[in-house]
Amino acid sequence: MKIFIFLICFFMSTLVWAGEFQLTSAVFKNNGDVPQKYTCDGSDVNPPLSFKNVPAKAKSLVVTVTDPDAPEGTWTHWIVYNVPPNMGDIIENTNPGTEGLSDFGKYAFSGPCPSDEKSHHYIFRAYALNEILDINEGPSISEVEKAIRGHVIAKTELIGMYQKSPF
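Residues numbered from 1 in each chain as written. Predicted model: local features only at pLDDT ≥ 70, side-chain atom pairs only at ≥ 80, totals over all residues. Heavy atoms only, no water.

Draft legend 1. Region of interest: the overall build of the chain. Within the chain one finds 2 helices and 9 strands. For the chain, the α and β elements follow one another from N to C terminus as α-β-β-β-β-β-β-β-β-α-β. Relative to its 167 residues, the chain shows a buried fraction of 38%. (Helix = DSSP H or I, 4+ residues; strand = E, 2+ residues; numbered from the N terminus. Buried < 20%, exposed > 50% of the residue type's maximum accessible area, 1.4 Å probe, protein only.)

Draft legend 2. Just the pattern of salt bridges, in detail. Within this structure, the stated rule accounts for 3 salt bridges. The partner of K37 in a salt bridge is E92, and the shortest N-O contact between them spans 2.8 Å. With K37 in the loop between β2 (32-33) and β3 (49-52) and E92 in the loop between β6 (89-90) and β7 (98-99), this residue pair connects regions lying 55 residues apart in the sequence. (Salt bridge = Lys/Arg side-chain N within 4 Å of Asp/Glu carboxyl O.)

Draft legend 3. Spatial organisation of the pairing of strand β5 (residues 75-83). Buried residues dominate β5, accounting for 7 of its 9 residues. Direction of pairing for strand β4 (residues 60-67) relative to β5: antiparallel, over a ladder of 6 bridges. Across the sheet, residue T64 finds its bridge partner in β5, namely I79. Two strands pair when backbone bridges link them, and β5 and β7 are joined in this way by 2 bridges, in the antiparallel orientation. By the bridge assignment for β7, V80 is matched with E99. (Pairing = 2+ DSSP bridges.)

Okay, structure coming up:
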């Protein structure tokens, strides 16, 4: 009987681990290069993204894209909130929720666009929340971060790399 209970506990813990909230893209791997199409050197549209294992209790998702390597400090490329948790995929060049104000002064995705010739990290973060955000339209990243405090039930990230061509 003890072995049977041990096996059930082991199996259940494996299921929990395998069910980790994930953010992926069909066009780049974690720590891989973001294709030029999704940058200011290309079409400057958001890449396709997929959510896996969104917690059942999630009422909404938030997605942010930031560049911590920007000379000015961390630079916000995209904020989108109140994304439906059952969406599954964000299709290329779409707005899946309500957009916040990026550091480009836009309410839209602005792709990787380093101002220097160094390779930059672009951190795509997804947050699963236990509520739908009720905040003023067009919030900044700091306003969104403040609004989600205490409501994040899961978080994941995907890192893309991009370096401008010297030519």
